[in-house]
Amino acid sequence: MSPDRHPRAEAPDAAPPVRAWARIGRLRAWGLVLPAGVLYAVTFGIPLAMLLGASFARFQGGVTTPGFFLDNYVKIATDGVTLAVFRNTVSLSLLITAVGLACALPVAMLMRRAGPGLRLVAMFVLVSPLLTSIIVRNVAWMLILGRSGMINSWLIDAGLISAPLPLMYNRLGVVIAVVHVYLPFAVLPIYAALRAIDPARERAAASLGAAPWRVFVHVTLPLAAPGLIAAFTLLFILSMGLYLTPVILGGNFVVTLPMMITDAARNQYNWPYASAMSVLLLASIVAVVAVSAVLGRLFAVPRDA
Amino acid sequence: MTAVALDGVVKRYGGVTAVDGIDLQVGKGEFLTLLGPSGCGKSTTLQMIAGFVLPSAGRIRIGGRDSTRLPPHRRNVGMVFQNYALFPHMTLADNVAFGLRMRGVAKAERRRRAGEALAVVQLTGLADRYPGQISGGQQQRVALARALVIQPDVLLLDEPFGALDKQLRDRMRIELRDLQRQLGISLIFVTHDQEEALSMSDRIAVLSEGRIRQLGTPDGIYRRPANRFVAEFMGHSNILPARVVEASGDRALVRAGGLLLAVSGRLSAGGDIELMIRPERIGIGPADAGAAIRGRVAGMQYLGASLHYRVVVEGGTELSVVTPDPGEGRRVPGDPVALAIPDGAPFVIGS
Amino acid sequence: MTNASRPTRRHLLSGAAATAAFAVAAPYIATRAHAQGDPKVIRFYTQDGTLGDLYMEHWYRPFVEMHDLRAEYIPLQGGNAPMEKLQAQIAAGRPEADVIPLHGNQLVFALRNDMLMPVPRDAVPEYANLHEQYITDWGPGMVLWCYGLAYNTEKVTPAPTSWKALWDPQWAGRVAINEALKDQALQMVNIAFKGQPYPVDEETFAHLTALRPNLVTLWSSGADAEQLFRNDEIVMTPFWNGRVTRLKGEGLPIAFAVPDEGFFVRHSTYAIPKGSRNPEMAMKWLDFVLGVEPQKRLVEFGYGTPNKLVTYTPEEEAAVIVTDAAVVAKAVEEDFARILDETPQWNDMWTAWKAG
């Protein structure tokens, strides 16, 4: 089968054997991912199919009737509440993503310039929230942001305010606490992208007359675009799944779709509707991933130039 | 007129002195090369001229303006990097026009001048390609066009041909030199390759350990090295310790091993000196009883166009000799030979 | 090469299919294989924290030792029976626990979905000592708790006598209500303003909107609400009596008031799921746990008992609340079937109100 065995005269077109080789290579590659594929099919594919199936069941008076009904999707579209909460979830996620990126970019840039020691410290500080239980973390934020919390006490003691500021039980509290824990998911891809930039390119821009901020806008930022897109995608997807933090630090006034899903499943035993909302959430996340893949291709930078 | 002037420039990193007091003037339209081994401070010097590194002491003037503390974007300096440092997300035209854009030149004008600059480096027609789509040599030319289009006070090149293969490198040398002459641009070129330096420069500054060891024309540096370091760094040489036997005026007779040689220079009898004889200046011929210097071939290297002999002469001194390959009648190790060292070939280092 | 790779691929695929088939079938096979129960094993749900310790010490361990049983303990997430899991397990013939505590609406749900096994009266001799209203065909009601008004005794003076105290403008941003079991909060609004718990309608939510300036948060668990008092975030909230007793024990200036409009007393029905692998022992345990000693122990958490023979000291009475006929008479009668049926609408309105 090797193309080398065929004399040129007999095989004027070397393409077929080459294609065959490529095909075998592909088969082998598929063979290698097969175990993981099977694992995913069993642990992810089957439950997902069940979820999808459950979303078409009918729920009435506490009793679920399996079948193909569109009740749940009709309810999503028409009850006025679910879509409003969905929009609210999207806007909250966008807000968290924007604030997260704005905080992550300077941190990533600092880490790029820092020495190995400082970089390690920064990495540890960034990742440490992930090592803490979500409850402990949120309770800690309550102690900081609360009515008689650290910040309000300081501000009142300093005479800057007379009544405590509402720092939590609203969107602000949720955004602060969530950005705190999700920051590494934004910093690490951006940092990786920044590290891949040859500093000579930025120096070249400076030597051509670009002030530091213009170097950043015209060279650093576009070259870091893949990292920014990855960070955006990660932050957004993670934020779409928020449940506990809005409950605790949003005082339940910040309502997300996962909170509605939990309520439907846990308090109403309405699993068909919970499933339908989960499908909506999942579809929106798939859409974001697809958009980011397209963007990623548009902004792809040939690394070796 | 001076394009760039360095006055006592020093750069220290902690306890390490990378550049140790450099004074240098680059004339308008001059091609000056900073030559030296790695770690000699040549790149640091260039970085200081570009503004990426601030000197610890001394002053730098560019285009008649004190630029010692000026940030890079406020200096009118063009720079070409070893790995070209093109902007991969911009077309070649946008790469070249970048400096003009930063200077607020209108779009149409930018486009026109970028096109001209690309024409100068013979890349017309590739304006809309991206750096990833062209060869290394072409990228090098884009980098050059990008630096030239802003009409810099001085063009700085940091080992620009390091990543190219030999043939391309030779061609780029000629092109760069022609372009520099044609545009009359002041240029500082950093390299560790003495052949590159000799072939292109108006003047060469040989650096080692952060200092200029010799500054002069290629011919002067090659033929009349000021010190042993320069003599050794600039190609093959025979360096012989010698003693002055006899001196009168600016002529002297010196003894190096078993050789007795006439040299020029004001020397005093009895003094110890170092002699340099370039291997290509020594003639080699068949052994002849009447010859002044006789020896035996100890080794021979075939270099294509030339032959490189190692000859041990009477008294035990070993000399390198390079001659054009005659094709026939090559000497082989063991052959007795006669050497001829013409008058003027031995040079007293430092004289 | 191509020929060699094909059988390999087929081999891998068939192996994968077998693995997938096994993974799907395994829970079913495992369920069936163990459907036959061991009479010496019993499975209980356990609570976490100090309440869990109390149950373990006075409800489970003595019984298990008395009958020389082996017990399996399943932690109860959030203190609620996992109805979705149980429904699936009962359908598969293998519920994970032999006794399940059910809230009122959960009991309705369980009966509508045919999840329970009847508990005959004569299987539980202790029924003879119970107030009649706590005996059902599906097991006894116990662990009585109250939903009244908790308030900071230093800041809220005089003591509130009406739910409407929550609406007092002087408490702007200083009170909270519950997100957890919000059906109680909705009924509370109704009895405060309409004198009856139903219907939950636009008027109910208009009153909630009027309360909004006073609300700092909607708490999701008893622990959250406790923290609100400790951190001085709130001065008043509808709350559960047991939690108030606990905060008082910590030295906080807090008290539990039973408003004049009425309050809420709820309990859990301890039922045996269909397919229980040891119903005999489960019934024996019900009889054991209804006894005076195990029931009396609940005082520590403010929980009341259906057992008439249990007696309290005056301090204990103050903690348990539902010991005095006059107080019990103030309890609102709740319709759990209605609650189950209307929760979807109520919760949608609630979410719209919160987000609005």
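Residues numbered from 1 in each chain as written. Chains lettered and ligands numbered in written order. Predicted model: local features only at pLDDT ≥ 70, side-chain atom pairs only at ≥ 80, totals over all residues. Heavy atoms only, no water.

**Student:** Looking at this structure, how should I read the overall build of chain C?
**Tutor:** For chain C, the count of helices and strands is 13 helices and eleven strands. When the 356 residues of chain C are sorted by exposure, 53% land in the buried category. In chain C, the proportion of contacts linking residues at least 24 apart, taken out of those at least 6 apart, comes to 73%. With the model as given, the accessible surface of chain C reaches about 15500 Å², and the carbon-plus-sulfur share is 54%. (Helix = DSSP H or I, 4+ residues; strand = E, 2+ residues; numbered from the N terminus. Buried < 20%, exposed > 50% of the residue type's maximum accessible area, 1.4 Å probe, protein only. Contact = heavy atoms within 4.5 Å. Areas by Shrake-Rupley, 256 points an atom, 1.4 Å probe, with all protein chains shown as cover.)

**Student:** Even after reading the chapter, I still don't get the confidence of the model for chain A, so can you show me in this structure?
**Tutor:** Any segment with low pLDDT has predicted coordinates that should not be analysed in fine detail. In this model, chain A carries an average pLDDT of 88, and 91% of its residues clear a pLDDT of 70 or more. In the model, residues 1–15 of chain A has pLDDT below 50 throughout and makes nine contacts with residues more than four positions away in sequence or in other chains. (pLDDT = per-residue confidence, 0-100.)

**Student:** Looking at this structure, I do not really get a nonpolar patch on the surface. What am I missing?
**Tutor:** All names here are of chain A. A cluster of nonpolar side chains, contributed by Y40, F44, L48, L282 and V286, occupies part of the molecular surface with about 480 Å² of accessible area. Going through the elements one at a time, α1 (15–54) and α13 (271–298) are the ones with two or more residues in the nonpolar patch. On the secondary structure map, L282 appears in helix α13. Taking the relative accessible area as the measure of exposure, L282 reaches 35% and is therefore partly exposed. (Patch = residues over 30% accessible without salt bridge, like charges linked within 9 Å, V, L, I, M, F, W, Y side chains within 5 Å. Salt bridge = Lys/Arg side-chain N within 4 Å of Asp/Glu carboxyl O.)

**Student:** Hey, could you run me through the pairing of strand β14 (residues 272–277) of chain B in this one?
**Tutor:** Two faces make up the sheet, and in a regular strand the side chains alternate between them. All names here are of chain B. In the sheet, strand β11 (residues 238–248) pairs with β14 via six bridges, with the strands oriented antiparallel. Looking across to β14, one finds that L240 is bridged to L275. Taken together, the two bridges between β14 and strand β20 (residues 347–348) define a ladder with antiparallel strand orientation. Along β20, the bridge assignment pairs L275 with V348. (Pairing = 2+ DSSP bridges.)

**Student:** Got a minute to help me understand the side chain of T220(A) in this structure?
**Tutor:** Residues and elements named next belong to chain A. As for its placement among the helices and strands, T220 is situated in helix α9 (residues 212–223). Here E202 takes part through its side chain, which lies 2.7 Å from a polar atom of the side chain of T220. Dropping the residues within four chain positions of it, T220 is found in contact with R112, L194, I197, E202 and V215. (Polar contact = N/O pair within 3.5 Å; in protein donor to acceptor, adjacent residues only side chain to side chain.)

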